[in-house]
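Understanding the architecture of this molecule
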Amino acid sequence: MKKLLLATAAMVAVPFAALAAEKPAELKVGVTTFLTGPASVFGVPARDAAEILVEKINAEGGIAGVPVKLSFIDEGAGAEALTSEYRRQVESEGAHAMLASISSGNCQTLAPLAEDLKVLNLMWDCGTQKIFEENKYNYVFRTQANATPEMLATVVYLLKTHPDFKTIAVVNQDYAWGRDSWQIFSTALKAMKPDVEIVGEFFPKFGAPDFSTEISRLQALQPDVILSTSWGGDLDTFIQQAAQRGLMNTSTFVIPLAESSLERLGSTLPAGHIVGARGDHYFLHPERRDDADFKEFMATFEKKTGAHAIYPVFHMSQAIAALKTAYEKAADAKGGEWPSEDEVITALEGLTFQGLGREVTIREDHQGIEAQLLGTSVQSGDYPFATLGNIMIFDGEGLTAPVGEESVAWVSKLTPDFINGVKVDTYEK
């Protein structure tokens, strides 16, 4: 409404509060996502999901009676183009809300920009825990977990299913996510299993086409466990080359982002390896798969894209659900009148909402609390790719650093007793 105010204040003498609550013809929402480049394997499915979800919302009357209009910005165009287009969408196009981003680096850039522009921004996919640990924002919220519960749940699952392993090595992409996720994981592992030995740390270049050097070193080291928090094409290539050379027959792989690679890997990923989903995101979600709305969305998504939904699809569903729930909560509080931006922000604080997975709650520091699903790969023959067995869904609250605490410092203080104190539900299939 601030854009409308700027355009009309000189012409009409209307009190600010009344003008701010005027119902718009459409709710303009900008979405940053990778539409080109290697990360488009995440970004394009998320865009497709957004279109499906908003089409349904509009068919049912919109958000608080207002239709939603989406505009997409390609994160693959680079930081400078992204920032420029983000600013243009807000200042020139009058976006009421922005959903940004996939890249943690982009989130760190756009969060302060959103604050400067005074536009509501929902971080819908990025994982860096540093956003709210190092800064305080009014306009910026995250509608899913950060890296800390994602990595901590992975450590706990590993220790519950393979308590006797002695050695571990890591192969992560050499950039912020690869380094930061390993710091959280290794800190948690040392805190809960002090006798574990880290026998190798490998950080190949982002986008590396060949992992033969790392695989040869790992074959010589013979670690019990190999962690890789890599994603996309890098993870696919590493798994394919490791499987071809037999490395996956001698070490247990822990691959926390591999849910998004299962369909692409096909029969390459053998049974017995630990797979994570960056939240409780799985097209065969054991608690949701029989729900009518879940089944309807999955069928629509598969028809539209020819593929099964992966975790960015779930993350997008959560961001849109949060936006819809917050606007409608704020409107209900005003007896059905259209809410101001400040009223929507107030509604988001402490909000509980549900996308395609379990409910998510946004706590006082604007960080979402999200459940975490992990499982072990199985080749059942039901699909032409590995699916998950021995699924565990961990409650996110106990895995997330408390408000005001820095994640690595908090994780370093955990003890082995933490493993049995985390709330978890287990599903065999």
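Residues numbered from 1 in each chain as written. Predicted model: local features only at pLDDT ≥ 70, side-chain atom pairs only at ≥ 80, totals over all residues. Heavy atoms only, no water.

This part takes up helix 3 (residues 40-59). Relative to the 28 Å expected for 20 residues at 1.5 Å per residue, helix 3 spans 28 Å between its end C-alpha atoms, a close match to the ideal helical length. Buried positions along helix 3 lie against strand 1 (27-33), strand 2 (68-74), helix 10 (232-244), helix 12 (292-305) and helix 13 (311-333). Just downstream of helix 3, glycine 61 is the residue with a positive phi angle, here 110 degrees. (Helix = DSSP H or I, 4+ residues; strand = E, 2+ residues; numbered from the N terminus. Expected span 1.5 Å × (residues − 1). Contact = heavy atoms within 4.5 Å.)

Before going further, it helps to spend a moment on the sheet that holds strand 2. Taken together, five strands build an open sheet; the order of strands is 2-1-3-4-5 and the sheet is parallel. Looking at the sheet topology across the chains shown, the edges are occupied by strand 2 and strand 5 (140-142). Pairs of neighbouring strands in the sheet enclose a mean axial angle of 20 degrees, with direction left out of account. Bridge analysis of strand 1 against strand 3 (residues 97-99) gives three bridges, and the strand direction is parallel. The partner of glycine 30 across the bridge, within strand 3, is methionine 98. The strands touched by helix 5 (residues 104-117) are strand 1, strand 4 (120-123) and strand 5; relative to strand 5, the strand with the most contacts, the crossing angle is about 140 degrees. (Pairing = 2+ DSSP bridges. Axes fitted to C-alpha atoms, helices over the stretch in contact; angles between N-to-C directions.)

We now examine the packing of helix 3 against helix 13. Following both chains from N to C, one finds helix 3 and helix 13 inclined at 35 degrees, their axes separated by 8 Å at the closest point. Where helix 3 crosses over helix 13, the two elements pack in a sense that is right-handed. Across from Phe42, Pro45, Ala46, Ala49, Ala50, Leu53, Val54 and Ile57 in helix 3, the residues of helix 13 making contact are Tyr311, Pro312, Val313, Met316, Ser317, Ile320 and Lys324. Residue classes in the contact of helix 3 with helix 13 are distributed as 13 nonpolar, one polar and one charged. (Left-handed = near helix turned anticlockwise from the far one by under 90°. Nonpolar A, V, L, I, M, F, W, Y, C, P; charged D, E, K, R; others polar.)

This brings us to the pattern of salt bridges. Scanning all chains against the criterion turns up 20 salt bridges. Residue arginine 47 pairs with aspartate 48 through a salt bridge whose shortest N-O separation is 3.0 Å. Judged by relative accessible area, which is 9%, aspartate 48 ranks as buried. Here aspartate 195 makes a salt bridge to lysine 166, at a shortest N to O gap of 3.9 Å. Of the two residues, aspartate 195 is situated in the loop between helix 8 (176-192) and strand 7 (197-202) and lysine 166 in the loop between helix 7 (147-161) and strand 6 (167-171); the sequence distance between them amounts to 29 residues. Through salt bridges with shared partners, a single ionic network connects Glu85, Arg88 and Glu93. (Salt bridge = Lys/Arg side-chain N within 4 Å of Asp/Glu carboxyl O. Buried < 20%, exposed > 50% of the residue type's maximum accessible area, 1.4 Å probe, protein only.)

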